[in-house]
Amino acid sequence: MYSRTKPVFTCLREFLDYCQKRNALKVIEEPVSMHLEATELQRRFLEQKGPALLLTNPILANGKPSKVPVLLNLFGTVERVAWGLGCEPSELEDFGEFLAFLRQPSPPARSELVQSATSLLKAASSLRGKVSRKASCQEVVLTGDNLDLEQWPIQGCWPGEPAPLITWPIVITRPPNALEKEGGSSEAGCSKQAIKSYNWGIYRIQTVGKDKAIMRWLAHRGGAAHHRQWQKLNGGKGCAMPIAIAIGSDPATILSAVTPVPETLSESQFAGLYRGKPTELTKAVSQDILVPANAEMIIEGTVSAQDTLPEGPYGDHTGYYNSVEPFPVLTITAITHRKNPIYLSTFTGRAPDEPAVLSEALNDVFLPLVKQTFPEVVDCWLPPEASSYRIAVISIDKRYPGQARRIMMGLWSMLPQFNYTKLIIVVDKHIHARNWQDIMWAVATKSDPSRDLVTIHDTPIDYLDFASPKEGLGGKLGIDATDKIGSETDREWGEELAMDERTVNKIDQLMAELNQETKQ
């Protein structure tokens, strides 16, 4: 069973020290403008699978230098994502198997019994939150006239955008009845029930002056669901919703906020599983809400139940600017931060970008969950260049006619992100599901358009998808690129070319000898 192989990182700075010792952090002292230049710099390092970047001399949009260093490209490689989860890239699937085991435990083999019990006990203890009265995120407290978002190195990512954008915020919300579940006090919020009521999500935030912003979230996300509950209060007139925004925390906390967490857990609890240690929380200074105690910066405020402002256009992961739409207004009531804080930022655009790298790494983490539901699945790949989730390639151990179609239907309804997958290609187990040459060969030689295309109309689709005929409603396509068996075909199926094993082994030996001669 999975066991963490990396140290526990209790804050962002410990993780940066770890990266620096492994030449995975580059300090840049030259001035870099947070308007456009930071995006282009990170984009080039990310394309090269380069290190995280710490800008010690960032320049604000108004041309003035900032005293706050900026961290870019933190999760710009799958390796650093794996480190953040406590393992090496080769161990991501093992970690996923552990999460699948926790989701639906099965009796372990006798040889694994003691290890399984130890791992489960540790996991259970990690689910409990720990609430502290003092926290590093509140070493400095700003309120009133000292509130000024324009003094922070907030990034302007792409030309033509209306204002700087907070791009790596952990947005923390709770439903109106959360305090009742906590026993009336946030400081009593250590129970599983209290922690489960919270939602952490990564939503972009457009700045609007010194103490205002626009909170953008999609309707199906947890923060938006909480906001609708607050809007129903007071006889339908609504009440302002308390909110907190954490910027720069330990990697487990950050990664939990971008992970599709099972409904039985909160992101805070999931962070404890990632970290192998309970998440430390503290009460915000101006709102009744719990926040990560180790964050570099916390923005506190309220989201209006009624007031909205037009948000956008901003560059998105699709590679397009999104349309301008109204979203609720956030009023800031306090900003707290560590002494000498580090501001975490990124950009979003056409892959490769940081969200695409995260998706690539988490693909292996959630593969065991897919296999748990569909045992015939051998591999599942979400190509990052396809906006991370719009295309899925599935290889299966095919045993009966129609099995590929069953897998398509099941995946489209399994996890929320598969709801937005427009194209599923199913191939046989011997086809490399992460190699476009193999995939396209299978599509070209194993599928017939008159038989092997599955088309579905009027299904949920990403509303950012401009290709769909209606906003939020579009079609899906499945391609059965597997060998046809039984009643699937009336023809004798061809035999694939393959060299015999004896010849392959002999030439392997010869090639090794030739390579050795070349080196000499």
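Rules of the game
- Residues numbered from 1 in each chain as written.
- Predicted model: local features only at pLDDT ≥ 70, side-chain atom pairs only at ≥ 80, totals over all residues.
- Heavy atoms only, no water.
- Helix = DSSP H or I, 4+ residues; strand = E, 2+ residues; numbered from the N terminus.
- Buried < 20%, exposed > 50% of the residue type's maximum accessible area, 1.4 Å probe, protein only.
- Areas by Shrake-Rupley, 256 points an atom, 1.4 Å probe, with all protein chains shown as cover.
- Pairing = 2+ DSSP bridges.
- Arc of directions from axis to C-beta.
- Contact = heavy atoms within 4.5 Å.
- Axes fitted to C-alpha atoms, helices over the stretch in contact; angles between N-to-C directions.
- Salt bridge = Lys/Arg side-chain N within 4 Å of Asp/Glu carboxyl O.
- Phe/Tyr/Trp six-rings, centres within 6.5 Å; stacked < 30°, edge-to-face > 60°.
- Expected span 1.5 Å × (residues − 1).
- Bend = angle between axes of the 7 residues up to and from the residue.
- Polar contact = N/O pair within 3.5 Å; in protein donor to acceptor, adjacent residues only side chain to side chain.
- Patch = residues over 30% accessible without salt bridge, like charges linked within 9 Å, V, L, I, M, F, W, Y side chains within 5 Å.

- As recorded in an unreviewed UniProt entry, the protein chain goes by 3-octaprenyl-4hydroxybenzoate decarboxylase and comes from Cohaesibacter gelatinilyticus.

Describing the overall build of the protein chain
- In terms of regular secondary structure, the protein chain is built from 14 helices and 23 strands.
- Counting all 520 residues of the protein chain, 53% fall into the buried class.
- Accessible surface for the protein chain amounts to roughly 23800 Å². Of this, 52% is attributable to carbon and sulfur atoms.

Let's talk about the pairing of strand E20 (residues 391–396)
- In terms of burial, E20 is largely enclosed, as 5 of its 6 residues are buried.
- Relative to E20, strand E19 (residues 377–381) is paired through 4 bridges, and the arrangement is antiparallel. Residue Trp 381 lies in a different strand from E20, and its bridge partner there is Val 393.
- Across 6 bridges, the pairing between E20 and strand E21 (residues 423–428) is parallel. Residue pairing for E21: Ile 394 is matched across the bridge by Val 426.

A word on helix H8 (residues 222–231)
- Taken together, the buried positions of H8 are occupied by Gly 223, Ala 224, His 226, His 227 and Trp 230. Across the axial projection of H8, the buried residues extend over an arc of 160°, all falling on one side.

Notes on the environment of Gly 86
- With respect to the helices and strands, Gly 86 occurs in the loop between helix H3 (78–85) and helix H4 (92–103).
- Taking relative accessible area as the criterion, Gly 86 reaches 0% and is therefore assigned buried.
- Counting along the chain gives 78 residues from Gly 86 to Val 8, while the straight-line C-alpha distance between them is 7.1 Å.

Considerations on the pairing of E21
- With 6 of 6 residues buried, E21 lies mostly within the body of the structure.
- Pairing of E21 with strand E23 (residues 473–481) involves 5 bridges; the strand directions are parallel. Its bridge partner lying in E23, Leu 423 is registered against Leu 477.

Some words on the sheet that holds strand E1 (residues 25–28)
- If you trace the 4 strands from one edge of the open sheet to the other, you get E1-E3-E5-E18, paired in mixed fashion. Among the strands making up the open sheet, the edge pair consists of E1 and strand E18 (343–344).
- Across the sheet, helix H2 (residues 37–47) touches E1, strand E3 (52–55) and strand E5 (70–72), and the angle it forms with E3 is around 150°.

Overview of the sheet that holds E23
- Spatial strand order, E19-E20-E21-E23-E22: 5 strands in an open sheet with mixed pairing. At either margin of the open sheet sits one strand with a lone partner, and together these are E19 and strand E22 (453–460). Recorded for the sheet is a direction-independent mean angle of 20° between the axes of neighbouring strands.
- Helix-sheet contacts for helix H12 (residues 403–412) involve E19, E20, E21, E22 and E23, and the interaxial angle to E23 is about 150°.

A word on the pattern of salt bridges
- Evaluated as defined, the whole model comprises 26 salt bridges.
- Here Glu 40 and Arg 43 are joined by a salt bridge, their closest N and O atoms 2.6 Å apart. Of this pair, Glu 40 and Arg 43 are both found in helix H2, 3 residues apart, which corresponds to roughly one turn of the helix.
- Two residues, Lys 422 and Asp 465, come together in a salt bridge whose shortest N-O distance is 3.0 Å. Within this pair, whereas Lys 422 is found in the loop between H12 and E21, its partner Asp 465 is found in the loop between E22 and E23, the two being separated by 43 residues in sequence.
- Since its relative accessible area comes to 27%, Lys 422 is described here as partly exposed.
- Under the relative-accessibility criterion, Asp 465 is labelled buried at 5%.
- Look at the salt bridges and you will find they share partners, linking Glu 40, Arg 43, Arg 44 and Glu 47 into a network.

Notes on the packing of aromatic side chains
- Here the structure, examined in full by the defined rule, presents 12 aromatic pairs.
- Residues Phe 270 and Tyr 274 carry aromatic rings whose centres are separated by 5.1 Å and whose planes lie at 65° to one another, so their mutual orientation is edge-to-face. Within this pair, Phe 270 and its partner Tyr 274 are both found in helix H10 (residues 267–275), separated by 4 residues, close to a single helical turn.
- Overall, Tyr 274 belongs to the buried group, its relative accessible area being 2%.
- When the centroid spacing of 6.4 Å and the interplanar angle of 50° are considered together, the rings of Tyr 389 and Tyr 420 count as tilted. Here Tyr 389 is found in the loop between E19 and E20, whereas its partner Tyr 420 is found in the loop between H12 and E21, with 31 residues between them in sequence.

Focus: helix H11 (residues 354–373)
- Spanning 20 residues, H11 covers 29 Å between terminal C-alpha atoms, matching the ideal 28 Å at 1.5 Å per step.
- Maximum bend of H11: about 40°, positioned at Val 365, with proline Pro 368 one to four residues after it.
- Most of H11 is tucked away: 15 of the 20 residues are buried.
- Capping the start of H11, Asp 353 holds a side-chain oxygen 3.0 Å from the backbone nitrogen of Ala 356, two or three residues further along.

Some details on a nonpolar patch on the surface
- Taken together, the side chains of Ile 507, Leu 510, Met 511 and Leu 514 define a hydrophobic patch exposed on the protein surface, amounting to about 330 Å² of accessible area.
- As for its placement among the helices and strands, Leu 510 is situated in helix H14 (residues 501–519).
- Residue Leu 510 is classed as partly exposed on the basis of its relative accessible area of 38%.

Concerning the environment of Glu 91
- When you line up the elements, Glu 91 lands in the loop between H3 and H4.
- Here the alpha-carbon distance between Glu 91 and Val 365, two residues 274 residues apart in the chain, equals 9.0 Å.
- Of note is the side chain of Glu 91, whose polar atom sits 2.9 Å from the side chain of Thr 5.

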